[in-house]
Amino acid sequence: MNKVALRFLSSSLMAISLAPLSAQAQDTPRSDKHYVGLLVTALEHRSIGERTKEDAWGQAGTLVIGGHLNDLIRAELRLGGGFNDDDVSGGDLPLAVDYFASWYMGLHYPITDYANVYAQAGFTHVKGEATLPNREESYNAQFRDLEGDYPDSSFSISWLAGVDFEVLSNTFLVFEGGRLFKDTGSSANTFQFSTGLRYEF
């Protein structure tokens, strides 16, 4: 093997060995990344009413803005609003979720190169309204105390858990569920189930 070939081979091997290190150095660490997301959310209202504990389903949209504090911990803000009134079964009580705002912090743990699981806890403020057009009817008696501003309490502890999959570079498909709100006044509570996309930058 001549000296030119030997030098070329040595240089090539060195370049190949250093390439992964160079690419790794160019990758932004997770702890330096922020993210935004847009989710479609199903809201399940449970334990509505004093006697029969009815439920209702509705739809909402959720905007997520957050950042990674380190490789495993992240914090975020969420803003959302309902698309339509949610009709409670067993009565004439439409629930309207005007908007909600949440703050979460939690664990975001990689399980493969392209998938993560996460669990988060925080606080939520919800503003909504419950209307009772036929409040004199006997079957609506258990809902009369709910009429007006809904929920009764303005803040509540929230939690959620989910999984995400990287479908494009820095773009993740999200599936999650958890409790959005618990009303201490009426014991009604609302659960959230969401899917959508999150982009990290």
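Located above this text is the structure these notes cover.
Residues numbered from 1 in each chain as written. Predicted model: local features only at pLDDT ≥ 70, side-chain atom pairs only at ≥ 80, totals over all residues. Heavy atoms only, no water.

Novice: Got a minute to help me understand the environment of F181 in this structure?
Specialist: Inspection of the secondary structure puts F181 in strand 9 (residues 171–182). You can call F181 buried: its relative accessible area is 3%. In this structure the C-alpha to C-alpha distance between F181 and I157, which are 24 residues apart in sequence, comes to 6.7 Å. Among residues more than four places away in sequence, those in contact with F181 are T124, V126, P151, S153, S154, F155, S156, N189 and T190. (Helix = DSSP H or I, 4+ residues; strand = E, 2+ residues; numbered from the N terminus. Buried < 20%, exposed > 50% of the residue type's maximum accessible area, 1.4 Å probe, protein only. Contact = heavy atoms within 4.5 Å.)

Novice: When you look at the pattern of salt bridges in this model, what are you seeing that I'm missing?
Specialist: In a structure, side chains of opposite charge can pair up when their charged atoms sit close to one another. Counted by the stated rule, this structure contains seven salt bridges. With a closest N to O distance of 2.5 Å, E76 and R78 form a salt bridge. Each member of the pair, E76 as well as R78, is classed as buried. A salt bridge links E200 to R198, with the shortest nitrogen-to-oxygen separation between them at 3.3 Å. Accessibility expressed as a relative area gives 5% for R198, which makes it buried. Taken together, the shared-partner salt bridges in this structure form one network comprising E76, R78 and E176. (Salt bridge = Lys/Arg side-chain N within 4 Å of Asp/Glu carboxyl O.)

Novice: For this particular structure, what's the right way to read the environment of G128?
Specialist: Relative to the helices and strands, G128 is located in strand 6 (residues 115–130). The spacing of G128 and V97 is 31 residues in sequence and 4.3 Å in space, taken between C-alpha atoms. In this structure, G128 is in contact with A96, V97, D98, G148, D149 and Y150, ignoring residues within four places of it in sequence.

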